[in-house]
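These are the residues of each chain, in order.
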Amino acid sequence: MAARGHDDRLNLSAGVASVSVALVLIAAKLWALFQTGALSVAATLADSALDLAMSLGALAAIAYAARPADDDHAFGHSAAEDLAALGQCLFILASAALIGGAGAQRLAHPAEMIPTQQGAGIAVMGLSIALTLALVGWQRHVARATGNRVVAADSLHYIGDLVPALGAIGALWASRRYGLNWIDPVVAIGAALLMAGGALRIGRGAWDALMDRAVDDDMVAGIEAIARDFPDVRGHHDLRTRRSGSRVFVNLHVELDGGQSLHEAHAIGAALKRAILARYPHADVIIHKDPV
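All values derive from a computational prediction rather than experimental measurement.

Scoring rules and cut-offs
- Residues numbered from 1 in each chain as written.
- Predicted model: local features only at pLDDT ≥ 70, side-chain atom pairs only at ≥ 80, totals over all residues.
- Heavy atoms only, no water.
- Helix = DSSP H or I, 4+ residues; strand = E, 2+ residues; numbered from the N terminus.
- Buried < 20%, exposed > 50% of the residue type's maximum accessible area, 1.4 Å probe, protein only.
- Contact = heavy atoms within 4.5 Å.
- Areas by Shrake-Rupley, 256 points an atom, 1.4 Å probe, with all protein chains shown as cover.
- Core = buried A, V, L, I, M, F, W, Y, C linked by side-chain atoms within 4.5 Å.
- Expected span 1.5 Å × (residues − 1).
- Salt bridge = Lys/Arg side-chain N within 4 Å of Asp/Glu carboxyl O.
- Phe/Tyr/Trp six-rings, centres within 6.5 Å; stacked < 30°, edge-to-face > 60°.
- Lys NZ or Arg CZ within 6 Å of the ring centre and 35° of its normal.

**A look at the overall build of the protein chain**
Thought 1: Helix and strand content of the protein chain: eight helices and three strands.
Thought 2: Mapped from its N terminus to its C terminus, the protein chain presents α and β elements in the order α-α-α-α-α-α-α-β-β-α-β.
Thought 3: Looking at the protein chain as a whole, 47% of its 292 residues are labelled buried.
Thought 4: Long-range pairs, those at least 24 residues apart, make up 74% of the contacts in the protein chain with a sequence separation of at least 6.
Thought 5: Surface accessibility of the protein chain: about 14,000 Å² in total, with carbon and sulfur atoms responsible for 64%.

**Concerning unusual backbone geometry**
Thought 1: Look at Asp 232: it is not a glycine, yet its phi comes out positive at around 70°.
Thought 2: Note on placement: Asp 232 falls in the loop between helix H7 (217-228) and strand S1 (235-244).
Thought 3: Given the relative accessible area of 55%, Asp 232 is considered exposed.
Thought 4: Of note in the backbone geometry, Asp 238 takes a positive phi value of approximately 50° without being a glycine.
Thought 5: Note on Asp 238: relative accessible area 48%, which makes it partly exposed.

**Digging into the nonpolar core**
Thought 1: Residues Val 233, Val 254, Leu 272, Ile 276 and Tyr 280 are the most contacted members of the largest nonpolar core, which totals 20 residues.
Thought 2: Going through the elements one at a time, H7, strand S2 (247-256), helix H8 (262-279) and strand S3 (283-291) are the ones with two or more residues in this core.
Thought 3: For this core, the element with the most residues is S2, which contributes five residues.
Thought 4: If we ignore the near neighbours within four places in the chain, the residues touching Leu 272 are Ile 226, Ala 227, Phe 230, Val 233, Leu 252, Val 254 and Ile 287.
Thought 5: Core analysis: the next-biggest nonpolar cluster, separate from the first, contains 13 residues, Ala 85, Ala 96, Ala 153 and Ile 202 among them.

**Examining H7**
Thought 1: Given a rise of 1.5 Å per residue, twelve residues ought to cover 16 Å, and the 16 Å separating the end C-alpha atoms of H7 matches this to within 8%.
Thought 2: Taken as a whole, H7 has its buried residues at Met 219, Gly 222, Ile 223, Ala 225, Ile 226 and Ala 227.

**Let's talk about the pattern of salt bridges**
Thought 1: The tally for this structure, following the rule as stated, stands at two salt bridges.
Thought 2: Across the pair Asp 229 and Arg 228 runs a salt bridge, and its minimum N-O distance is 3.9 Å.
Thought 3: Judged by relative accessible area, which is 59%, Asp 229 ranks as exposed.
Thought 4: Where Arg 234 meets Asp 257, a salt bridge forms, and the shortest distance between an N and an O atom there is 3.9 Å. Highlighted residues: Arg 234 in the loop between H7 and S1 and Asp 257 in the loop between S2 and H8, separated in sequence by 23 residues.
Thought 5: Judged by relative accessible area, Asp 257 falls into the partly exposed class, the value being 36%.

**Some thoughts on the packing of aromatic side chains**
Thought 1: A complete count under the given rule lists zero aromatic pairs for this structure.
Thought 2: Seen from the ring of Phe 249, Arg 242 lies directly overhead, with NZ or CZ sitting 4.4 Å from the centre.

Don't take any of this as a statement about function, it's just geometry.
In structure tokens:
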């Protein structure tokens, strides 16, 4: 329970940081767009606006998923994380389609909306990169520590903001220095493709979790190895796993000496559960004990 509470606090901190950074970036990029009229800046502004909407939704989902199990939700509320991640991915795909379409139209009509005041845009993009790097670093740390898909998907938003911000600096510099205005829409299209690819990857993981797909083969093999080598366990069978949000549910049948006392059998099962949790702390483990 202590580990679970620590994970919840980490996830909430990532959500609050995400919303705060999104608000700052929207204000700065809106000013930069009025100054430059650059499509690459508009792409990063649109992404930051979606970041804010999705970050607010993610924060709500993280807070809801942190609620303990109750009579109506015996396995907790962690599935809310997968639903939120799936919704985020759909919004990212829609945003990528709009940005990519705008970039293609700009390439077809290169004389429209040539960037101006490139220096102001470069300064704002530099600020955006610094804030985004700090946020993504924290989100990646939290996602690795807790396995939370909502935080991972939210981090994708900001990676989708970081890469086009770098491209926008290059596009604005090339426009100011050499008059190469076609780089601006190309950067926007590249950012859209990157966002779409990442959204599909995160969305697939969330969909698999909602459909109760088994966890990856490495984790299954690891649990089997612990059970196979555990003292006084004669065998095991019917290992079933599924993922819900950042939690993994494990059901395992172990075969024990039928002549020993119930107290002894329970102690073996409890020790095996602790061994599995030591290696996979985000798991929820149920062990059934069968006589050999």
